[in-house]
Structures are given as C-alpha cells and as structure tokens.
Amino acid sequence: MALTEPAVEVTHLRKMYGYNVALNDVSLSVSLGEVRGLLGPNGSGKSTLMKTLVGLLKPSAGFARVLGLDVDRDSMMVKRAVGYVPETPRLYEFLTAAEYLDFIADVRGLGFQEKSQRIKRFLGALDLEGKEGDMISSYSQGMKQKVAIMAALLHHPKILLLDEPLNGLDPKSARVVKELIHELSREGVSTIFSTHVLEIAEAICDRITILQHGIILAEGTSQELREKAGLPGSGLEDVFLKLTGTRDVQDIVEALLR
Amino acid sequence: MISRLRSARRSFVPRGLTSRPLLIAVIGVILFVVSLLGGVATESFLKVIPNLDVQSLVVIIFGGIPLFFVGLLWELNASAESESADSVNWLPISPSEYVFASSLSTEYTYSPGLMIGLGFSLPIAIFTNNLPAYSVLVFLAIIASMTGSVGIEVLRSALARASSSFNRVGGRPVIVLRIVAIMLILVLTQLLFNGFIISNVIGSLVSGASSLSFVPIFWPTLAVTKALESDVVASGLFVILSLALFGGLSGLAVFMKKRFWVLPSTSIHLSGKGAITGPSRLGFLGMSQLSVALLRRELRSATRRKEVIRLIVLPLILPVMIGFPFFLTPASRPSGASSPPAVSAILGAPFLLGVGLGALVLAMTSMGQEGRTLWNLGALPLSAGRIVRAKLLFTSLITSIGLIAAAIVSSLLFSLSIYSSVLLLIIGFIVILAEASLGIAIGSRFPDFSEGPRPRFVTVTGSIIGTVLGFITLGLMVAPVVVAIVLASFGGSQAFVSVAIAASGAVGLAVAFVGYRLSIGPVEKILSDVST
C-alpha cells in the first residue's frame, strides 16, 4: 500500500438486515495514524460499520478497504491486520484470562517468548496481574472488557476497531487505554473508536464522524463540527444534539415526569 | 407464569410446542386415542397366543407406568442447569409459587407421554376386567409424574448449589470428577429405568419377598400392583404413602428453593497462574500451533462447560448403554474359548451404533456450541476449513476413547478373538469419521446459537435430518459386514466378508469426505455474518 493511501476507506457502503437499512451509502476515509471517533445515537449503525470493517458482516452494497485490502474478498488478510473490540465482548467464559489470551496469541502466530512477555505486560498495565488464573466467568464486565482490549492489541495490529472500549473500565484503566491509543497513533496505528462519551471523543479523536439512521450526518474535527452546527464555543454535547435533531431534552424530561 | 417458564426453559421439546399449551392438550388427546387403538390391537394379539399369562403382563404394564413416569422426568432433567439467571428470579415471586408453577410446567409439558400410557392400558383394563385397578393407575400415574416433576425442583436446587461450588474451579481433578459424576448419573438412570430392569423389579415386588417396598419411588407402582391383586388395604396404604412422598418432596423442594434461591458464592475456588503454553508435543505429529490451539480450546470447552460435558460423555457412555441388554443377558455371554465370528459381529453392532451416534451428536452440536462467542472465531484469521478440521479432530478423539473402551470391555466380556477386536476397531474408526463429518455438515447448516439453561446447539429440524442420515450411514456401513460374517459362519464364502468390510470402509470414507466438503460452505457463511 502506498503511504498516501488511506488506512481505512469506505465507499458507498450499504448494509441491510432483511428490510432494515443499517448503513446507507456510507463513505469515509481514515488516514494512517488517525484516531477517528464514531458518534451517533443507539442504533445509528456504528457497530454495524465496525463489524463490516473487521469482516464479521458482509456489505450489501459498496465496498470497504482496510490497508488497501477488500474486507470481503481479502478478509483473512484484513483480520490479520486488525484488532477488534466489540461493543459487548462475549469471551470464552470457560477459559481463564491467561488461557484466552494464550489462545488468541497462538491463533495470531505469536511465538512463546513474545506472547509471554506481551501478555504479562498487558496484565500488569490493566491491573489484572494475579487474576489471570481465574475463569473469565468470574470476572466483572470491566475485567472482561480489559481482556478483550488486551486480545485486540496482542498481535501489534495496524488498525484498531474499538466499539465503546471504555465501557465498564475503572478510571485508571480507561486512562491507560486512552494514552495507549495516543501512543499507537504516533506509531502509525489507525483507530476507529466509537463512544457515547462526547468528552472522550473530543479528547482523543483527531476527527469525528456522526452517524444517524445509517447515514453520515457530519464529519470533521470537533471545531469543524461546531461550525457546521452553528454553535461556536458550545460543548460537543450541544453540537451532537443539534446535529442529530434531538428535540429539547428538558421537554422530554418533563413529559416523563408528567 | 407457568407459560413463561415453559417457553423460557430449554429442553429437547421444541419451543413452538412448549409455548402453546392448547397444542400440548390437543397432542395429548390425539396420542391418547392412538394409544388406545394400540392397546386394543395388543389385547387382540395377546388373546391368540396360547398359554400366555396375561395377568402377569398386565401387572408389568400397569406397574411400569407409574415407575416409568417418576423416573422418566428425573432422567430427562438429570443434567438440568441452575436457573439462578431466570428473569423470574428477580421478580416478587415466593419460593412456593415458583416451585408450584415450575413443577406444573414440567408436568404439563410431558403430559402427552402420560396420555400414551393411560390410553394404551385402558382397553387392556377393560378386556381383562381390571377397571378398578385402572382407576387407581390413572390417579397414581398422575401422582407419580407430579412426584417426578417436584423431584426435579429438588434436583435443580441441589445441582445449582453444587454447581456454584464447583463451576468456577478449573483444576483437572474436578474436571475428571465432573465427567465421572455425569457418567454415573447416566448409567444409574439407565439402570433404574431400563425396561428390562423395570420388569424384573416389578416381578420382585409382586413376589412379595422383596425389600424394594421400602424404597419410596416404588410406592406408586406397589399401590397399582396391590390393586390388581385386589388387596385393597395394601393398595390404599401405598396410595397414602405415595401421596405422602409427593407432599414430602414438595416441601423439600420449597425448602431448598428458599435456601438456595440466591446462590452462595463459590465455596471452593482454585486459581493458578494461568496457562501460557509452550510448543505442544502434538507439533511432532505435524500439527501446527494454530491447530493445537483450536484443539486445546475445544477440549477445555468440553470439559469445563456443564452444558457440553453431558455431550462429550455420550460417545463414552453410549456404546456401553446401547450394548446394555447383552451385559444383562447371561445367555449372550459365551464362556471359555473365543466367540465365533457371527456372535462377535452381532455383539459388535450395538457398540458401533453407540459409537456412531455419540460421534454424530457431538459433531452436530459442535457449531452451535460457539453460541454468542462466535465473534471470537469470526474476528480471527481462521479459515472455515481449519475450524471444521479442529472440530472433526476433537470429535474423533473423544469418540475414539469410547470406541477403545467399548472394544476392550467387549473383548473381555465376550472373549472376542484378536481378529474380531481389530476389525471392530477399524470399522469403528471409519464409523466415527463418517458420523463426525456428517454431524458437522448438519450442525453447520442447522446451528442453534441461542443460549439458556439447556441449550440445544442444533435446531430440531437439523436433529431429525442428522439422526435419519446418521442411522442410514450406520446401516450402510455396519449391516453388510454383520450379514457377511453371519453368512460366512453358516458356510458362505469368506470372501464376502472381505468385500463387505472394504465396501463398508469405502462408504464410510466417502461419507466422511462429502460431509467435510459440505461443512466448509455453511461455516464460511456463518463466519461472514456474525452477530456479536
């Protein structure tokens, strides 16, 4: 892949679930080392876009390329290059965290020395050292999330697809993950990061894409989004609510209390 | 609430059926009428047999029904899971309400079985002038099945408590303990509720010399058999005892539900340093790091997941269970020198049936076992072929243990010659390959990824198609060899045996190859459209 080519390129992508349109004519481009935030209300198509990029879902129309590889045709190569954390990571609960990471490392082809070192390092960084021998079924949601993040990072991925990765994480681990994304970005790793926490998106993403009903509503840096919404100087939450056409939140609350 | 429980609880009964109470009633009525006609036909048939002791048969049929229904419900639910995650547990429901609704739900779900028993025995009661005993039977059969369903509630609470202690323990001794425990439960239930044993038990009960009358689960049966003997006092006593048993178990079920409603945290918790594995010794056999990782994952899943353990036990225990009648019939056991080939062939067939069915069931459920964790495989650079081969290898490995155990047991018990034992093993391995490949082909086309207390892993349609095809394959492979060996024993050409074995092997390998090829496409499709 030439250096000028984007790391992720999505062109007129459409995904249907039966008669329901999950993604409609979505096009976007993420460059090397960029951290792209995906924002949108529940059911806007963020997770569907992530799953399509990692090859878990087949596009109904259009195409997506990761590092110049077609996600549908070259899915094996794409999967080798990508690290993915789903919105609700269902891990093998019958394994211990160490066994799970060992399995992932073996499938990814890591040698014994390398996998031992990396697993140990990650366990220490995310405060799971000493608990790696416990079955995953005994873990809290946050601990499972940490294991999923470690599994996604084990093989030095070139692309990270993180679907609400900070869900359930304690503040220290969330900070570690955010810093890690920054560092990896400097090393040229591109990240697509979906979140509902707008402050996090603003803090760590180079650019933000707002999706609604499977359509891209707006795209740009947080400053560009403010300008598009005609709300310079406002918080990203106000920008998001205006762009997604959410009616006055105060009215909704009053209706609920009635 | 009953309806909700019935539709939420997973069993081999299709959900479409369990969620429609009216349909169960209609099926029950239809089965009652069909069984009634069957009873009329049986009675007419018995009449024409000279010197037949009809009354003894009536005792076995009438006495067997309550015994069967106490046992059947236990057997069906022997491996029932803890239901601590049932949504009803979070609702304001008292333990007694839960136990009442849950046991009534089980009772109603399996009521068509009761209708078969009662329909079949009605004409026999009429023609043998046993209507008063029949009325006792109707009452006791209902009490017996209610006792069985309440017993399940006791079992569920006890298993939930035991599971909470052992579930999170990963040590090898516990894994072995768990497998052995499930095998023992299966053998025990098979022993207790095997038709051959039931008739022997009833014979002992009727003879009056048995101490079995002190065993509570035989009380409903005794009430019926005493009624058949016109011993009203004894029958009445056992009716009262049966009701007391039902009442006692109900109380125990409510007590246990109250006690273990909210499960205590694990009482035993072994934890190690994890397991970062070095190069596997299997690498010397040409297996790659990736293949070893997949196989290791399958083994850990099979030995640590409660809902999967009962499946891996099947290939180990089925050969023995299906060959059961031979163990129990002394006449089939030749003494002294090696059995003649014909005997070996006939004895080997049930074992192969068990091995084949075990492989089939394990393989059919292997894709569905992935459940909601399927995304793990989908997001990794794994080809469909790799996954199919790993599942095939795992199924063959587990089933081969059952085959070898069955071959050793049958060789010792029936003094099989070395030739016969080797033949049994060779055909057995090919049967395993064929049935495992067929099973994966079916399981990947009809996977059931839904999870629950008793996940099915393969759809009902898939189970039916797979079982039919599995039996056809087994028949095509085993029958010609058995026939050729039997014919050879009666003076036929030995060449037929060789031809039959070669043909059987060719059929098995062809099915294995086709099954493997047919599995790739569906697995590819599953992996390319995964919902997380």
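Structure: above.
My aim in this report is to walk through the structure given alongside it, one point at a time.

## Considering the overall build of chain B
Moving on, step 1. Secondary structure assignment for chain B yields 20 helices and 0 strands.
Moving on, step 2. Among the 532 residues that make up chain B, the fraction classed as buried is 52%.
Moving on, step 3. Partitioning the intrachain contacts of chain B with sequence separation of at least 6 by distance along the chain shows that 82% fall at a separation of at least 24.
Moving on, step 4. Carbon together with sulfur atoms contributes 73% to the accessible area of chain B, which is approximately 23100 Å² in total.

## Some words on the overall build of chain A
Moving on, step 1. Check the secondary structure of chain A and you find 10 helices and 10 strands.
Moving on, step 2. Along the longest, intermediate and shortest principal axes, the C-alpha atoms of chain A span 55 × 45 × 40 Å.
Moving on, step 3. Counting only residues that meet the buried cut, chain A has 54% of its 258 residues in that class.
Moving on, step 4. Long-range pairs, those at least 24 residues apart, make up 66% of the contacts in chain A with a sequence separation of at least 6.
Moving on, step 5. When the accessible surface of chain A is summed, it comes to about 11100 Å², and 51% of that surface belongs to carbon and sulfur atoms.
Moving on, step 6. The average position of the 30 basic charges and that of the 34 acidic charges among the side chains of chain A differ by 3 Å.

## Here's the deal with the side chain of Asp106 of chain A
Moving on, step 1. Tracing the sequence through the fold places Asp106 of chain A in helix α3 (residues 97-107).
Moving on, step 2. At 2.8 Å, the side chain of Asp106 of chain A and the side chain of Gln289 of chain B are in polar contact.
Moving on, step 3. Residues in contact with Asp106 of chain A, not counting those within four places in the same chain, are Lys115 of chain A together with Thr277, Gln289, Leu290, Ala293 and Arg296 of chain B.

## Section: the interface of chain B and chain A
Moving on, step 1. If you look at the interface, chain B gives 38 residues, while chain A gives 42 residues.
Moving on, step 2. At the boundary of chain B with chain A, the tally comes to 3 salt bridges.
Moving on, step 3. As a salt-bridge pair, Glu99 of chain A and Arg304 of chain B come within 2.6 Å of each other at their nearest N and O atoms.
Moving on, step 4. Where chain B touches chain A, the interface holds 10 residue pairs in polar contact (both at pLDDT 80 or more).
Moving on, step 5. For the side of chain B that touches chain A, the element with the highest residue contribution is helix α12 (residues 289-304) of chain B, accounting for 9 residues.
Moving on, step 6. Across the side of chain B that touches chain A, the residue classes tally to 13 nonpolar, 15 polar and 10 charged.

## Section: the pattern of salt bridges
Moving on, step 1. All chains considered together, the criterion is met by 22 salt bridges over all chains.
Moving on, step 2. Residues Asp106 of chain A and Lys115 of chain A are paired through a salt bridge, measuring 2.7 Å at the closest nitrogen-oxygen approach.
Moving on, step 3. Each of Asp102, Asp106 and Lys115 of chain A together with Arg296 of chain B takes part in one network of salt bridges that share partners.

## Focus: the packing of aromatic side chains
Moving on, step 1. Counted by the stated rule, this structure contains 5 aromatic pairs over all chains.
Moving on, step 2. Geometrically, the ring pair formed by Tyr84 of chain A and Trp375 of chain B is edge-to-face, given 6.0 Å between the ring centres and 80° between the ring planes. Linking Tyr84 of chain A in strand β6 (residues 82-85) with Trp375 of chain B in helix α16 (residues 374-378), this pair reaches from one chain into another.
Moving on, step 3. Each ring, one from Phe62 of chain B and one from Tyr134 of chain B, has its centre 6.4 Å from the other, and the planes form 65°; the classification is edge-to-face. Of this pair, Phe62 of chain B sits in helix α4 (residues 54-76) while Tyr134 of chain B sits in helix α7 (residues 131-166); the two residues are 72 residues apart in sequence, bridging distant segments of the chain. Taken as a pair, Phe62 of chain B and Tyr134 of chain B share a single burial class, namely buried.

## Here we look at α3 of chain A
Moving on, step 1. The element α3 of chain A is largely enclosed, with a buried count of 11 among its 11 residues.
Moving on, step 2. Three or more residues of α3 of chain A are buried, namely Ala97, Ala98, Glu99, Tyr100, Leu101, Asp102, Phe103, Ile104, Ala105, Asp106 and Val107 of chain A.
Moving on, step 3. On the buried face of α3 of chain A, the contacting elements are α4 (112-125) and α5 (141-153) of chain A together with α12 and α16 of chain B.

## A few points about the sheet that holds strand β4 (residues 61-66) of chain A
All names here are of chain A.
Moving on, step 1. Strand order in this open sheet of 4 strands is β2-β1-β4-β5, and the pairing throughout is antiparallel. The open sheet terminates on both sides in strands that have one partner only, identified here as β2 (20-30) and β5 (69-70).
Moving on, step 2. In this sheet, β2 lies alongside strand β1 (residues 8-17) in antiparallel orientation, the contact comprising 7 bridges. Following the sheet pairing, Val10 is matched in β2 by Leu28.
Moving on, step 3. Lying over the sheet, helix α1 (residues 46-54) contacts β1, β2 and β4, oriented at roughly 115° with respect to β1.

## What about the pairing of strand β3 (residues 35-39) of chain A?
Each regular strand shows side chains that alternate between the opposite faces of the sheet.
Residues and elements named next belong to chain A.
Moving on, step 1. Here β3 lies mainly inside the structure; 5 of its 5 residues are buried.
Moving on, step 2. The alternating pattern of β3 places Val35, Gly37 and Leu39 on one face and Arg36 and Leu38 on the opposite face, and all of these are buried.
Moving on, step 3. Two elements, β3 and strand β8 (residues 190-194), share 4 bridges in a ladder whose sense is parallel. When the bridges of β8 are listed, Arg36 appears paired with Ile192.
Moving on, step 4. Relative to strand β9 (residues 207-212), β3 runs parallel, the two being bridged by 4 bridges. By the bridge assignment for β9, Leu38 is matched with Thr209.

## Points about the sheet that holds β6 of chain A
Residue and element names in this part refer to chain A.
Moving on, step 1. The strand order across the open sheet built from 6 strands is β6-β7-β8-β3-β9-β10, with neighbouring strands paired in mixed fashion. Across the chains shown, the open sheet's two edge strands, defined by having one partner strand only, are β6 and β10 (215-220). The average undirected angle you get between the axes of adjacent strands in this sheet is 15°.
Moving on, step 2. Pairing between β9 and β10: 5 bridges, direction antiparallel.

## A few points about unusual backbone geometry
Residues and elements named next belong to chain A.
Moving on, step 1. Even without a glycine there, the phi angle at Asp127 is positive, about 60°.
Moving on, step 2. Tracing the backbone through its elements, the reader meets Asp127 in the loop between α4 and α5.
Moving on, step 3. Classification of Asp127 as partly exposed rests on a relative accessible area of 33%.
Moving on, step 4. A positive phi angle, close to 50°, is found at Glu164, a residue other than glycine.
Moving on, step 5. With respect to the secondary-structure elements, Glu164 resides in the loop between β7 (159-163) and α6 (171-186).
Moving on, step 6. Take Glu164: its relative accessible area is 8%, and that puts it in the buried class.

## Overview of the environment of Val8 of chain A
Residues and elements named next belong to chain A.
Moving on, step 1. Here Val8 is to be found in strand β1.
Moving on, step 2. Residue classification places Val8 among the buried residues on the basis of a relative accessible area of 1%.
Moving on, step 3. C-alpha separation for the pair Val8 and Ala98, spaced 90 residues apart in sequence, amounts to 31 Å.
Moving on, step 4. Residue contacts for Val8: discarding those within four places in its chain leaves Leu28, Ser29, Val30, Leu53, Arg65, Val66, Ile159 and Ile192.

Conventions used here
Residues numbered from 1 in each chain as written. Chains lettered and ligands numbered in written order. Predicted model: local features only at pLDDT ≥ 70, side-chain atom pairs only at ≥ 80, totals over all residues. Heavy atoms only, no water. Helix = DSSP H or I, 4+ residues; strand = E, 2+ residues; numbered from the N terminus. Buried < 20%, exposed > 50% of the residue type's maximum accessible area, 1.4 Å probe, protein only. Contact = heavy atoms within 4.5 Å. Areas by Shrake-Rupley, 256 points an atom, 1.4 Å probe, with all protein chains shown as cover. Lys, Arg positive; Asp, Glu negative; His and termini not counted. Charge placed at Lys NZ, Arg CZ, Asp CG, Glu CD. Polar contact = N/O pair within 3.5 Å; in protein donor to acceptor, adjacent residues only side chain to side chain. Salt bridge = Lys/Arg side-chain N within 4 Å of Asp/Glu carboxyl O. Nonpolar A, V, L, I, M, F, W, Y, C, P; charged D, E, K, R; others polar. Phe/Tyr/Trp six-rings, centres within 6.5 Å; stacked < 30°, edge-to-face > 60°. Pairing = 2+ DSSP bridges. Axes fitted to C-alpha atoms, helices over the stretch in contact; angles between N-to-C directions.

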